[in-house]
Amino acid sequence: MPSANNPLITMDITKIRADFPILSREVYGKPLIYFDNGATTQKPRCVVDAIVDEYYSVNANVHRGVHFLSQQATELHEGSRETVRRFINARTSAEVIFTRGTTEAINLLAFSFGEEFMKEGDEVIISTMEHHSNIVPWQLLAARKGISIKVIPMNDRGELLLDEYEKLFSDRTRIVSIAHISNVLGTINPVKEMIATAHAHGVPVLVDGAQSIPHMQVDMQDLDVDFFAFSGHKVYGPTGVGVLYGKEEWLDKLPPYQGGGEMIQSVSFEKTTFNELPFKFEAGTPDYIGTTGLAKALDYVSAIGLEQIAAHEHELTIYAMQRLGEIEGMRFLGEAAHKSSVISFLVGNIHPFDMGTLLDRLGIAVRTGHHCAEPLMRRLGIEGTVRASFAMYNTKEEIDALVAGVDRVRKMF
Ligand code: PLP
């Protein structure tokens, strides 16, 4: 089955769906329709197989092992780093730091960057639409060091106000930290332009790529981004593994985040010298099996092609907005000109929790609530939304079922 009516989309959705065993299960006796991909994506068989295979046939702790298995596991782990490097077009694999996910990546950077480069009165710029993961680490730094947080406002369509952004810079601005794509509004922020603005002020930028990495080509060198964070589980990979990309010239200057094994060169009770990049930031045994799973997921995505995936998801989004928009009382939150496959909505006065619970009974998994973006909810003047977020394996037929389900719930109230 072709993806849609668009002749440019050649990927075979039926074949892709067959790669994801969970998609053929039922919930409450109904075929599962999984629209909670913004929270986490499902895993193709090849990812799970790679994890199982490594546990069964290669498992050994990585780095410094003289024995065969350890060397093989190390090769797999470092090969995965190279796969990530290629996927995001970093200059060297030393710029790819493995973390537990986006959250840990941002915490790492806020801590290390804050230690080295920020003091009382310095400022960080974030935006109205940040996930708590890109707010709270800066607040922790603010509490520790007395820095202040400035927030880029947005318009009612969910687009950041770039003129206001420019005005936030001062001689105390030390870093900008912004989401590439909002996990609530689906807005694709013009990060390349925003990075250029920050650089014109001599300020580095961290991009939270949790929601962009599964949906669009990201190129570290083209964006000229200084730091970039993402999670494996949102891009068809396993939980518990993610990445902080950083330009080598920045990472070289930053102090370690955690201490322990792996991140040292030598230790005495008097003094420790730290390991080279990227190991300086990777204390303890890494999730070397998780990194294998992540690399497999990225290879899977690459084989299908991000352009194909993006075109298919764009078509689904346009279709869903149009069909859902026909429902009486429908209100979309987030109607930016550049929007990814995340749709937040409310219908009349129906509480998102009620909508989500009733849709669930129809086999449709959506997310409801504040989506870890309470300040954004406050800006929108609401408590929460219903969120449907699409992935490469979703179909128009599933959207039809969502539309019918939402309308059915509406009629019940
Ligand atoms: N940033 C954004 C924009 C997100 O959507 C999420 C997760 O939903 C995160 C950060 C946090 O990701 P994780 O929980 O994988 O660390």
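Given the structure is predicted, the values throughout are model-derived calculations rather than measurements. (Residues numbered from 1 in each chain as written. Predicted model: local features only at pLDDT ≥ 70, side-chain atom pairs only at ≥ 80, totals over all residues. Heavy atoms only, no water.)

Engineer: Sorry if this is basic, but what is going on with the sheet that holds strand 17 (residues 385–389) here?
Structural biologist: Strand pairing in a sheet relies on backbone hydrogen bonds, with the paired strands running either antiparallel or parallel. Spatially, 13-14-17-16 is the arrangement adopted by the four strands of the open sheet, whose pairing is antiparallel. Of all strands in the sheet, those with a lone pairing partner are strand 13 (330–333) and strand 16 (367–369), marking the two edges. The average undirected angle you get between the axes of adjacent strands in this sheet is 30 degrees. Two elements, strand 13 and strand 14 (residues 342–347), share four bridges in a ladder whose sense is antiparallel. Paired with Phe332 across the bridge in strand 14 is Phe345. (Pairing = 2+ DSSP bridges. Helix = DSSP H or I, 4+ residues; strand = E, 2+ residues; numbered from the N terminus. Axes fitted to C-alpha atoms, helices over the stretch in contact; angles between N-to-C directions.)

Engineer: I tried to follow the site of the ligand on my own but got confused; where do I start?
Structural biologist: All residues adjacent to the ligand are Thr102, Thr103, His131, Ser133, Asn183, Asp208, Ala210, Gln211, Ser231, His233 and Lys234. Residue His131 places a side-chain N or O atom 3.5 Å away from an oxygen atom belonging to the ligand. One of the side-chain N or O atoms of Lys234 is found 2.6 Å from an oxygen atom in the ligand. Notes on the ligand: free accessible area 390 Å², of which the protein chains cover 85%. Here the shell around the ligand is composed, by residue class, of one nonpolar, eight polar and two charged. (Near = heavy atom within 4 Å. Polar contact = N/O pair within 3.5 Å; in protein donor to acceptor, adjacent residues only side chain to side chain. Areas by Shrake-Rupley, 256 points an atom, 1.4 Å probe, with all protein chains shown as cover. Nonpolar A, V, L, I, M, F, W, Y, C, P; charged D, E, K, R; others polar.)

Engineer: Any chance you could explain the packing of helix 2 (residues 45–57) against helix 10 (residues 288–304) here in plain terms?
Structural biologist: For any two helices packed against each other, one specifies the crossing angle of their axes together with the interaxial distance. Look at helix 2 against helix 10: their axes get within 8 Å of each other, and the N-to-C directions meet at 150 degrees. Regarding the angle of helix 2 to helix 10, the classification is roughly antiparallel. The two elements helix 2 and helix 10 cross, and the hand of that crossing is right-handed. Across from Cys46, Val47, Ala50, Ile51, Glu54 and Tyr55 in helix 2, the residues of helix 10 making contact are Tyr288, Ile289, Thr292, Gly293, Lys296, Ala297 and Tyr300. Its residues assigned to classes, the contact of helix 2 with helix 10 comprises nine nonpolar, two polar and two charged. (Parallel < 35°, antiparallel > 145°, perpendicular 65-115°, else oblique. Left-handed = near helix turned anticlockwise from the far one by under 90°. Contact = heavy atoms within 4.5 Å.)

Engineer: Looking at this model, I keep getting lost on the nonpolar core. Mind explaining?
Structural biologist: As a rule of thumb, soluble globular proteins bury nonpolar side chains together. Of all hydrophobic cores here, the largest spans 72 residues; its most connected members are Val84, Ile88, Val176, Phe228, Tyr236, Met392 and Tyr393. Top contributing element to this core by residue count: helix 10, with eight residues. Residues from two domains meet in this core; each of domain 1 (7–42 + 305–412) and domain 2 (48–302) gives at least three. With residues up to four places along the chain from it excluded, the contact list for Ile88 reads Val96, Ile213, Val218, Asp219, Met220, Phe230 and Tyr245. Listed in part, the 27 residues of the second largest apolar core include Leu362, Phe390, Val403 and Val409. (Core = buried A, V, L, I, M, F, W, Y, C linked by side-chain atoms within 4.5 Å. Buried < 20%, exposed > 50% of the residue type's maximum accessible area, 1.4 Å probe, protein only. Domains from an automatic or database assignment.)

Engineer: What's the story with the sheet that holds strand 7 (residues 173–179) in this structure? I'm lost.
Structural biologist: The strand order 4-10-9-8-7-5-6 describes an open sheet built from seven strands, whose pairing is mixed. Two strands in the sheet have a free side with no partner beyond their single neighbour: strand 4 (96–99) and strand 6 (148–152). Strand-to-strand twist of the sheet, defined as the mean angle between neighbouring strand axes without regard to direction, takes the value 20 degrees. Both strand 9 (residues 227–231) and strand 10 (residues 242–246) contribute to a ladder of five bridges, which runs antiparallel.

Engineer: Help me understand the pattern of salt bridges in this model?
Structural biologist: When their charged atoms lie close together, side chains carrying opposite charge are able to pair. Counted according to the given criterion, the structure contains 26 salt bridges. In this structure, Arg91 and Glu95 form a salt bridge, with 3.7 Å as the shortest nitrogen-oxygen distance. Judged by relative accessible area, which is 2%, Glu95 ranks as buried. In this structure, Asp407 and Lys411 form a salt bridge, with 3.1 Å as the shortest nitrogen-oxygen distance. Here the residue Asp407 and the residue Lys411 both occupy positions in helix 14 (residues 396–412), the gap between them amounting to four residues, near one helical turn. For Asp407, a relative accessible area of 19% translates into the label buried. Because the salt bridges share partners, they merge into one network encompassing Glu328, Asp407, Arg410 and Lys411. (Salt bridge = Lys/Arg side-chain N within 4 Å of Asp/Glu carboxyl O.)

Engineer: Could you clarify how one ought to interpret the domain arrangement of the protein chain in this entry?
Structural biologist: How big an interface is tends to be expressed through the accessible area that disappears when the partners come together. Taken domain by domain, the protein chain consists of domain 1 (7–42 + 305–412) and domain 2 (48–302). Computed over C-alpha atoms only, the centres of domain 1 and domain 2 are separated by 28 Å. In total, domain 1 and domain 2 occlude about 2,900 Å² of area from one another, counting both sides; carbon and sulfur atoms represent 54% of this. The largest contributions to the domain 1 side of the interface with domain 2 come from Leu306, Leu376 and Arg379, which together make up 22% of the buried area. With a closest N to O distance of 2.9 Å, Arg379 and Asp156 form a salt bridge. There are 25 residue pairs in polar contact (both at pLDDT 80 or more) connecting domain 1 and domain 2. Broken down by secondary-structure element, the contributors of at least two residues to the side of domain 1 that touches domain 2 are helix 11 (306–325), strand 14 and helix 13 (374–380). Broken down by element, the residue count for the side of domain 1 that touches domain 2 peaks at six residues, all from helix 13. Grouping the amino acids of the side of domain 1 that touches domain 2 by side-chain chemistry returns 20 nonpolar, twelve polar and seven charged. (Buried area = accessible area lost by both parts, 1.4 Å probe.)

Engineer: How should I be thinking about the packing of helix 12 (residues 352–361) against helix 14 in this particular structure?
Structural biologist: Contact geometry of helix 12 with helix 14 gives a least axis separation of 10 Å together with a crossing angle of 125 degrees. Relative to helix 14, helix 12 is oriented oblique. For the element pair helix 12 and helix 14, the recorded crossing hand is right-handed. Each of Met355, Leu358 and Leu359 in helix 12 lies in contact with helix 14, whose residues at this interface are Leu402, Gly405, Val406, Val409 and Met412.

Engineer: What exactly am I supposed to notice about the pairing of strand 14 here?
Structural biologist: Both faces of the sheet carry side chains from a regular strand, because those side chains alternate between them. Among the six residues that make up strand 14, six are buried, leaving the element largely enclosed by the rest of the structure. Burial along strand 14 is two-sided: Val342, Ser344 and Leu346 and Ile343, Phe345 and Val347, pointing in opposite directions, are all buried. As judged from the four bridges shared by strand 14 and strand 17, these two strands associate in the antiparallel manner. Each residue of the ladder has a partner; that of Ile343, found in strand 17, is Ala388.

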